[in-house]
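Listed below are the residues making up each chain.
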Amino acid sequence: MTKGDDDNTVPTGQAILGMALVLRNLSHTLVDRGLHVFLDLKWHDIPNTVSGAVANARDLGVRMTTVHALGGREMMAAAARAAGSELDVVAVTVLTSHTPASYGEATGRNSPDLVEDAIRLSRMALEAGLAGVVCSPFEARPLRAIMGGDPLGVVPGPLNSQFTYQYGKTVAVSGDRK
C-alpha cells in the first residue's frame with residue numbers, strides 16, 4: 001500500500017503490535033491463574049495466514065479458538081495442523097445473526113436451509129480435523145446426531161433453565177437445546 005496525496009492513510013503496525021502485546025500479556029496472566037482462554041476471533045483468511053494465527057494462539061496457551069467454516073476445507077485443515085493437540089479449534093458454521101434471506105444473499109443461494117448448511121459445514125470441519133463446531137441451540141440436536149459424542153459442540157451465549165437463549169437473531173428457550 002502506498003500513501004496517496006491525501007492524509008487519510010493511517011499506519012497501523014504499531015497499534016496492532018501494541019494490541020498483540022496486550023493480548024499476549026493478558027493470555028499469560030489468565031493461563032497463569034489456571035483459567036482456560038477461549039479466543040473467539042473467528043478467523044477467515046488464506047490457509048497460511050490462519051495457520052500462523054492459530055500457531056500464535058497455541059503458543060500463548062489459548063485452550064480454544066474459532067475459525068469460519070466458509071473459509072474452506074484447506075484453511076480449516078491448516079488451522080488443525082497448526083493447533084496440534086494443545087489447542088481446540090472449532091468452526092463457526094452459520095452465524096446466528098443470519099436469517100435465510102441474509103445467508104442466501106451472502107452465499108449467492110436462494111432460500112438456503114440454515115440447519116442443513118450448518119450440518120454440511122460441520123461435516124467438512126470435522127473431516128478437516130477440527131475439534132468441533134459452534135452451533136445454535138436449533139442445530140445442536142441434529143449436529144450431535146451426525147457427529148456423535150466426541151466432537152465439541154459449542155453453543156454461544158448464556159443458556160440455562162432460567163434464561164432464554166438470544167444470540168444474534170436466533171432465539172430459543174433452554175428446553176429447545178438437547
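Higher on the page you've got the structure.
This one's a predicted model, so the numbers in the text were calculated from it and none came from an experiment. (Residues numbered from 1 in each chain as written. Predicted model: local features only at pLDDT ≥ 70, side-chain atom pairs only at ≥ 80, totals over all residues. Heavy atoms only, no water.)

Colleague: Sorry, what's going on with the environment of serine 111 here?
Modeller: Tracing the backbone shows serine 111 in the loop between helix H4 (100-107) and helix H5 (114-127). Along the backbone, serine 111 and threonine 99 are 12 residues apart, and their C-alpha atoms lie at a distance of 9.8 Å. (Helix = DSSP H or I, 4+ residues; strand = E, 2+ residues; numbered from the N terminus.)

Colleague: I'm lost on the packing of H5 against helix H6 (residues 137-147) in this one. Help?
Modeller: Any two packed helices are characterised by how steeply their axes cross, that is the angle between the axes, and by the distance between the axes. Remark: H5 packs on H6, axes separated minimally by 10 Å, with the N-to-C direction vectors making an angle of 40 degrees. By the angle class used here, H5 and H6 are oblique. For the pair H5 and H6, the sense of crossing is right-handed. For the pair H5 and H6, contact is made by Leu114, Val115, Ala118, Ile119, Ser122, Arg123 and Leu126 and by Phe138, Glu139, Pro142, Leu143, Ile146 and Met147, respectively. A breakdown of the residues in the contact of H5 with H6 according to their chemical character gives 10 nonpolar, one polar and two charged. (Axes fitted to C-alpha atoms, helices over the stretch in contact; angles between N-to-C directions. Parallel < 35°, antiparallel > 145°, perpendicular 65-115°, else oblique. Left-handed = near helix turned anticlockwise from the far one by under 90°. Contact = heavy atoms within 4.5 Å. Nonpolar A, V, L, I, M, F, W, Y, C, P; charged D, E, K, R; others polar.)

Colleague: When you look at the sheet that holds strand E3 (residues 88-92) in this model, what are you seeing that I'm missing?
Modeller: Pairing between the strands of a sheet is mediated by backbone hydrogen bonds and can be parallel or antiparallel. Strand order in the open sheet formed by five strands is E1-E2-E3-E4-E5, and the pairing between neighbours is parallel. Sheet topology places strand E1 (38-43) and strand E5 (152-154) at the edges, where each strand pairs with a single neighbour. Strand-to-strand twist of the sheet, defined as the mean angle between neighbouring strand axes without regard to direction, takes the value 25 degrees. On the sheet, helix H3 (residues 73-83) packs against E1, strand E2 (64-68) and E3 and is oriented at approximately 165 degrees with respect to E2. (Pairing = 2+ DSSP bridges.)

This is a description of form; function is not addressed.
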